[in-house]
Amino acid sequence: MTDPPAVPVRDVELVVLDMAGTTVHDGGEVPAAFRAALAAHGVAVTDEELAGVRGASKHEVIRTLVTRHQPDALPSLVDEVYDEFRAALAERYRAGVRAVEGVEDAFDWLRRRDVRIALNTGFDRSIAELLLDALGWRDGVVEAVVCGDEVPRGRPAPYLIFRAMEAAGATSVHRVVNVGDTELDLRAGWNAAVGWNVGVLGGAHPRERLEQAPHTHLIDSAAALPELW
């Protein structure tokens, strides 16, 4: 098997990265919050069910899982479970948040080469801002942050990437690098027709699962992004 081709840095306009599991250390906070919120309403989910929705818009995940297990559930139940999920997740993140080791150095490397950086996430704005504040990424770190509640549909739809391009002033999908740790991240990159679609190991999904998704590169960590160049 040959190595994938290097990415010419002069051709890259924007790098779009996922948050939890890609740039923010994944300590299992998201699945734990899902389980707690769903179990409080009598919904027990399997590991495989949760793995299948990692990377998706969190409100869409709640709606899918609640209606799968309780087909007659009222829409108000979905909203109630989602509010409990947000509260449970915020509590876990307030206990401690840290960046993936080396990812801030990768950000610096990209900025020194005039490559713009955007974050996208299935979280809503309130959770994303909690993470940005905890990490000190509010100002001067990235050009844009796009959240799951700000687009018509979450991943695998390409809208998070398109909105990030718009916010960061990027004009060509062929000059965009998409980076994420889930199958849905990579499917969104494929649907957006980005120039480079990079899977990150060590997050939500193992290599075997990411290899089945469309990608141009698989790397050990987002910290290794400079090695693509």
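Up top is the structure.
Quick notes on the rules
- Residues numbered from 1 in each chain as written.
- Predicted model: local features only at pLDDT ≥ 70, side-chain atom pairs only at ≥ 80, totals over all residues.
- Heavy atoms only, no water.
- Phe/Tyr/Trp six-rings, centres within 6.5 Å; stacked < 30°, edge-to-face > 60°.
- Helix = DSSP H or I, 4+ residues; strand = E, 2+ residues; numbered from the N terminus.
- Buried < 20%, exposed > 50% of the residue type's maximum accessible area, 1.4 Å probe, protein only.
- Salt bridge = Lys/Arg side-chain N within 4 Å of Asp/Glu carboxyl O.
- Lys, Arg positive; Asp, Glu negative; His and termini not counted.
- Axes fitted to C-alpha atoms, helices over the stretch in contact; angles between N-to-C directions.
- Parallel < 35°, antiparallel > 145°, perpendicular 65-115°, else oblique.
- Left-handed = near helix turned anticlockwise from the far one by under 90°.
- Contact = heavy atoms within 4.5 Å.
- Nonpolar A, V, L, I, M, F, W, Y, C, P; charged D, E, K, R; others polar.
- Pairing = 2+ DSSP bridges.

Chemist: How do you make sense of the packing of aromatic side chains when you look at a structure like this?
Modeler: Note on aromatic pairs: each is described by the distance of the centres and the angle between the planes. Tallying each qualifying case throughout the model produces 5 aromatic pairs. Geometrically, the ring pair formed by Trp109 and Trp229 is tilted, given 5.5 Å between the ring centres and 40° between the ring planes. Placement of the pair is Trp109 in helix α5 (residues 103–112) and Trp229 in the segment after β6 (217–219), with a sequence separation of 120 residues. Trp109 gets classed as buried once you look at its relative accessible area, which sits at 16%.

Chemist: Just to check I follow, could you spell out the pattern of salt bridges for this structure?
Modeler: Oppositely charged side chains may form a pair once their charged atoms are brought near each other. Applying the stated criterion across every chain, the model contains 17 salt bridges. In this structure, the salt-bridge partner of Asp83 is Arg86, at a minimum N-O distance of 3.2 Å. On the criterion of helical spacing, the pair formed by Asp83 and Arg86 is a turn pair, its members being 3 residues apart in helix α4 (residues 75–94). Given a relative accessible area of 40%, Asp83 falls into the partly exposed group. Note that Glu166 and Arg163 form a salt bridge whose closest N and O atoms lie 3.8 Å from each other. Here Glu166 pairs with Arg163, and both are found in helix α7 (residues 159–168), just 3 residues apart, close to one helical turn. Glu166 gets classed as exposed once you look at its relative accessible area, which sits at 59%. By relative accessible area, which is 33% here, Arg163 ends up partly exposed. One connected set of salt bridges, linked through shared partners, spans Glu48, Glu183, Arg187 and Arg209.

Chemist: Where do I start with the side chain of Glu60 in this structure?
Modeler: Assignment of secondary structure puts Glu60 in helix α3 (residues 58–69). Buried charge without a salt bridge: Glu60, with Arg63 as the nearest opposite-charge side chain at an N-O distance of 4.8 Å.

Chemist: Would you explain unusual backbone geometry in this entry?
Modeler: It is generally the case that most residues other than glycine have a negative phi and that most peptide bonds are trans. With an omega of 15°, the peptide bond between Arg155 and Pro156 qualifies as cis. Positive phi, close to 60°, is recorded for Ala193, a residue that is not glycine. The topology assignment puts Ala193 in the loop between α8 (183–192) and β5 (196–200). Owing to a relative accessible area of 39%, Ala193 belongs among the partly exposed residues under this scheme.

Chemist: What should I look at first to understand the packing of helix α1 (residues 29–39) against α4 in this one?
Modeler: For any two helices packed against each other, the geometry is given by the interaxial angle and the distance between the axes. At a closest axis distance of 8 Å, the pairing of α1 and α4 adopts a crossing angle of 140°. Considering their axes alone, α1 and α4 lie oblique with respect to each other. Considering the relative orientation of α1 and α4, their crossing is right-handed. Contact residues: α1 offers Glu29, Val30, Ala32, Ala33, Phe34, Ala36, Ala37 and Leu38, while α4 offers Val81, Glu84, Phe85, Ala88, Leu89, Arg92 and Tyr93. For the contact of α1 with α4, the residue count by class is 12 nonpolar, no polar and 3 charged.

Chemist: It is not clear to me how the pairing of strand β3 (residues 144–147) should be interpreted in this structure. Could you clarify?
Modeler: Judged by which residues are buried, β3 turns out to be covered on both faces: Ala144 and Val146 on one side and Val145 and Cys147 on the other are all buried. Relative to β3, strand β2 (residues 116–121) runs parallel, the two being bridged by 4 bridges. Within the sheet, the bridge partner assigned to Ala118 lies in β3 and is Ala144.

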